[in-house]
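# Residue-level structural notes
If you want the building blocks of each chain, they are given just below.
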Amino acid sequence: MIKSSDLFHIPFYKKSPYTGSLEGMRFYIEKTQENETDVFQVWIFPGPYCFAKTADSLKQSVTFPFTEESLAKIADWLNEQYTKRSAYWNQHKSLL
């Protein structure tokens, strides 16, 4: 499972998005703006391909406030999404 300590701190996201995976569930986290306010945009999608090569119809996203406290909420949400559909995600594990 993903822990909030597995995710980087705020300064990282000011410069770069973060990608990762958990048993076939891939995720992409970046800082974006919503109504001129910084937010975390978090996407989940099936592997084995990268974010750019996965069809938008297979992606699901949610936003969180751009705060350090949100990183724990993001980890919880990612784990919840994995747990709800673990059989689906396991069908999309890496090709390696």
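Above: the structure in question.
Right, let's walk through the structure included here. (Residues numbered from 1 in each chain as written. Predicted model: local features only at pLDDT ≥ 70, side-chain atom pairs only at ≥ 80, totals over all residues. Heavy atoms only, no water.)

On to the sheet that holds strand S2 (residues 25–34), then. Pairing within the open sheet is antiparallel, and its four strands lie in the order S1-S2-S3-S4. Every other strand in the sheet has two partners, leaving strand S1 (18–22) and strand S4 (60–65) as the edge strands with one partner each. In this sheet, neighbouring strand axes are inclined to one another by 25° on average, regardless of whether the strands run parallel or antiparallel. Of the pairings in the sheet, the one linking strand S3 (residues 37–46) to S4 comprises six bridges and is antiparallel in character. Looking at S4, one finds that Val-42 is bridged to Val-62. Here helix H2 (residues 70–84) sits on the sheet and contacts S1, S2, S3 and S4; the angle it forms with S3, its principal contact strand, is near 20°. (Pairing = 2+ DSSP bridges. Helix = DSSP H or I, 4+ residues; strand = E, 2+ residues; numbered from the N terminus. Axes fitted to C-alpha atoms, helices over the stretch in contact; angles between N-to-C directions. Contact = heavy atoms within 4.5 Å.)

Let us now look at the pairing of S3. The element S3 is extensively covered by neighbouring structure, given that eight of its 10 residues are classed as buried. In this structure, S2 lies alongside S3, joined through 10 bridges in antiparallel fashion. Bridge pairing in S3 links Glu-34 to Thr-37. As consecutive antiparallel partners, S2 and S3 are separated by two residues, and within that stretch Asn-35 has a phi angle of approximately 55°, a positive value. (Buried < 20%, exposed > 50% of the residue type's maximum accessible area, 1.4 Å probe, protein only.)

For the structure on display, the rule yields three salt bridges. Notably, a salt bridge pairs Asp-38 with Lys-31, separated by 3.8 Å at the nearest N-O pair. Judged by its relative accessible area of 30%, Lys-31 is partly exposed. Here Lys-59 makes a salt bridge to Asp-56, at a shortest N to O gap of 3.1 Å. Judged by relative accessible area, which is 61%, Asp-56 ranks as exposed. (Salt bridge = Lys/Arg side-chain N within 4 Å of Asp/Glu carboxyl O.)

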